[in-house]
Amino acid sequence: MAINKTQIILIKHLSTVVLIVLAINFLMTWLLLFFHQIFSSHIQATTDITNFSLATTHELLINEFIYLYLTAYLVPILAGIYIHYPLLKAIGSKELKISQQVKTQIINLPITLSKVILYGWFFSIFQIMVLVFLDLIPSSGFITTNLAVQLTISVAAYAFTFFALDIYNKRIFFTSIFKNDNSMFSHENKALSFRNKIQMLFLAVVLFPCALFGIIIYFLLITEDSVFINNQYPVLFFMLFVVIAFGWSLSEMLLATFKHSFKELNVATKKISNGDYDINLKITSFDEIGYLMDSLNNMAYEIGSLNKDIVETQKEIIFMMGAIGESRSKETGNHVKRVAEYSRVLAVEYGLSRKESEILKQASPMHDIGKVAIPDSILNKPGPLTADEREIMDSHAVLGYDMLRSSNRDILQAAAIVAYEHHEKWDGTGYPNNKVGDNIHIYGRITAIADVFDALGSNRVYKEAWSDEQIFQLLNEQKGKHFDPELIDIFFNKFHLFNEIRSQFDDHLPQESH
């Protein structure tokens with residue numbers, strides 16, 4: 001059977017998970033046996049187990065190691081295999097199908113595996129208690145010490161296993177399998193909350209000194225073990241070191257489980273505050289952080305959708321306002337569509353950013369919005385305008401600018417510039433301010449070419465449409481005079497794009513709804 005890439009990744013990561021579990025529990029087992037060895041060295045001096053020889057103690061240690069191996073290792077592994085059978089079955093299948101159940105098992109690996117490890121340790125403790133109850137092992141200070149230390153180490157093993165797997169699962173395992181898939185997240189899934197994790201940390205760190213205190217009380221007040229009293233200082237200092245090391249290590253691991261998620265949340269909130277709603281935080285836990293990430297994802301989606309609706313509505317209103325302005329001079333709605341597309345092509349080819357090009361496309365239909373204030377008698381006069389009429393007609397640039405300039409929206413600000421400057425000329429002979437060259441805003445220079453090209457090629461009340469040859473001749477003649485020479489070069493080099501737009505929005509075709 002051929003193994004695909006996902007199966008290889010799953011096998012690799014599951015092998016790493018098993019190694020992490022075995023390494024932590026091997027360390028804990030070694031630590032427990034080390035304490036057993038320390039206390040067994042004083043066993044012959046105790047008063048309550050006079051018939052319990054040191055040789056018997058060593059034999060018990062060997063047996064205890066076997067019990068621990070079978071319970072704290074083998075039993076949890078078998079239990080883990082049973083619990084995660086769907087996951088293992090998915091890995092072994094010919095066609096890897098990762099179901100919702102498998103996804104949930106992967107994200108819950110830390111809590112399930114750490115629990116079965118804890119149950120394994122508890123089972124080993126239970127075995128000893130049963131042996132004592134059946135008098136197969138004599139009740140003694142050694143056994144009491146064994147149970148106290150084993151209880152504390154079992155909780156520490158549980159905590160270390162959980163935090164180690166949680167860190168690995170969140171940062172490596174889960175993210176490599178499900179890069180942007182949050183479909184398995186559900187508020188119905190059960191997981192350790194912040195409170196549970198802090199309680200786990202507390203128990204793992206506090207039980208050890210409590211057990212140590214109990215052991216000291218036992219030896220000092222009950223057994224009167226002079227050998228232990230005389231040699232207890234190195235043992236106590238070592239146990240104190242272990243307590244400090246446990247506390248520091250678990251605290252750092254607890255912090256590590258949250259640190260990465262908090263960093264992602266911080267980045268996401270900054271993106272939202274900057275208007276970027278494309279947020280898809282990777283949810284790698286079912287605790288409070290997971291709920292917060294899920295809520296932030298949903299919030300960003302809702303805000304983004306609402307913002308998109310607002311922007312689209314704004315664009316549609318702007319387009320319709322431009323169409324209204326053109327309709328008063330008997331223009332078709334396709335004129336403003338063509339001018340918008342021509343402007344976008346020129347902007348892109350000139351080197352403006354995608355955002356600027358899109359803004360200009362949306363703003364350029366407003367270039368003649370000021371004409372709504374021009375009398376019909378002048379606007380639709382079939383013959384030449386008088387000097388007074390021309391002055392009134394030319395005022396539409398200022399009128400349009402005054403209508404739009406107070407807005408703080410990017411599109412309307414751009415529309416104000418276009419309305420104000422699209423009749424300025426490169427050589428300074430345009431209106432309303434006789435601006436020259438680069439002093440004319442690029443939006444105005446681009447819209448000027450788009451508007452003139454479309455106007456010359458369209459029928460108006462005062463003229464017939466020009467042929468392409470006539471238009472090209474005028475544009476070449478006005479290069480460096482009326483128009484920006486660089487933009488004219490771009491126009492001719494990319495004329496096939498303009499011709500495609502003109503064909504798409506031909507006045508003789510049915511007009512599309514915007």
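Just so we're clear, the structure is a prediction, and the values are computed from it rather than from any experiment.

Asker: Which parts of the structure should I look at to understand the overall build of the protein?
Answerer: Regarding its fold elements, the protein presents 19 helices and zero strands. Burial status across the protein gives 47% buried among its 514 residues. Long-range pairs, those at least 24 residues apart, make up 76% of the contacts in the protein between residues at least 6 apart in sequence. Summing over all exposed atoms, the protein offers an accessible surface of approximately 26100 Å²; the carbon and sulfur share of this is 61%.

Asker: Can you help me understand the confidence of the model for the protein in this one?
Answerer: Any segment with low pLDDT has predicted coordinates that should not be analysed in fine detail. Confidence in the prediction of the protein, expressed as mean pLDDT, is 75, and 65% of residues score 70 or more. Of all secondary-structure elements in the protein, the lowest mean pLDDT belongs to helix α2 (residues 54-83), at 57, while helix α18 (residues 485-493) reaches the highest, 95. Segment residues 43-58 is flagged for pLDDT under 50; beyond a separation of four residues in sequence, or across chains, it makes 25 contacts in the model. Counted against residues more than four places away or in other chains, residues 510-514, with its pLDDT under 50, gives nine contacts.

Asker: Looking at this structure, how should I read the pattern of salt bridges?
Answerer: Pairing is possible between side chains that carry opposite charge, provided their charged atoms lie close to one another. Taken as a whole, this structure holds 13 salt bridges when the rule is applied. Between Glu389 and Lys381 there is a salt bridge, with its nearest N and O atoms 2.8 Å apart. Owing to a relative accessible area of 18%, Glu389 belongs among the buried residues under this scheme. The class of Lys381 is partly exposed, set by a relative accessible area of 23%. Between Asp394 and Arg390 there is a salt bridge, and its shortest N-O distance comes to 3.3 Å. Taken together, the residues Asp394 and Arg390, both in helix α13 (residues 387-394) and four residues apart, mark about one turn of the helix.

Asker: How should the packing of helix α17 (residues 468-477) against α18 be read in this particular structure?
Answerer: In a pair of packed helices, the angle between the axes and the distance between the axes together describe the arrangement. At a minimum axis distance of 10 Å, the contact between α17 and α18 shows a crossing angle of 155°. With respect to their mutual orientation, α17 and α18 come out roughly antiparallel. As for how α17 packs across α18, the hand of that crossing is left-handed. Between α17, through Phe472, Leu475 and Asn476, and α18, the contact on the second element is made entirely by Ile488, Phe491 and Phe492. Looking at side-chain class alone, the contact of α17 with α18 contains five nonpolar, one polar and no charged residues.

The rules behind each value
Residues numbered from 1 in each chain as written. Predicted model: local features only at pLDDT ≥ 70, side-chain atom pairs only at ≥ 80, totals over all residues. Heavy atoms only, no water. Helix = DSSP H or I, 4+ residues; strand = E, 2+ residues; numbered from the N terminus. Buried < 20%, exposed > 50% of the residue type's maximum accessible area, 1.4 Å probe, protein only. Contact = heavy atoms within 4.5 Å. Areas by Shrake-Rupley, 256 points an atom, 1.4 Å probe, with all protein chains shown as cover. pLDDT = per-residue confidence, 0-100. Salt bridge = Lys/Arg side-chain N within 4 Å of Asp/Glu carboxyl O. Axes fitted to C-alpha atoms, helices over the stretch in contact; angles between N-to-C directions. Parallel < 35°, antiparallel > 145°, perpendicular 65-115°, else oblique. Left-handed = near helix turned anticlockwise from the far one by under 90°. Nonpolar A, V, L, I, M, F, W, Y, C, P; charged D, E, K, R; others polar.

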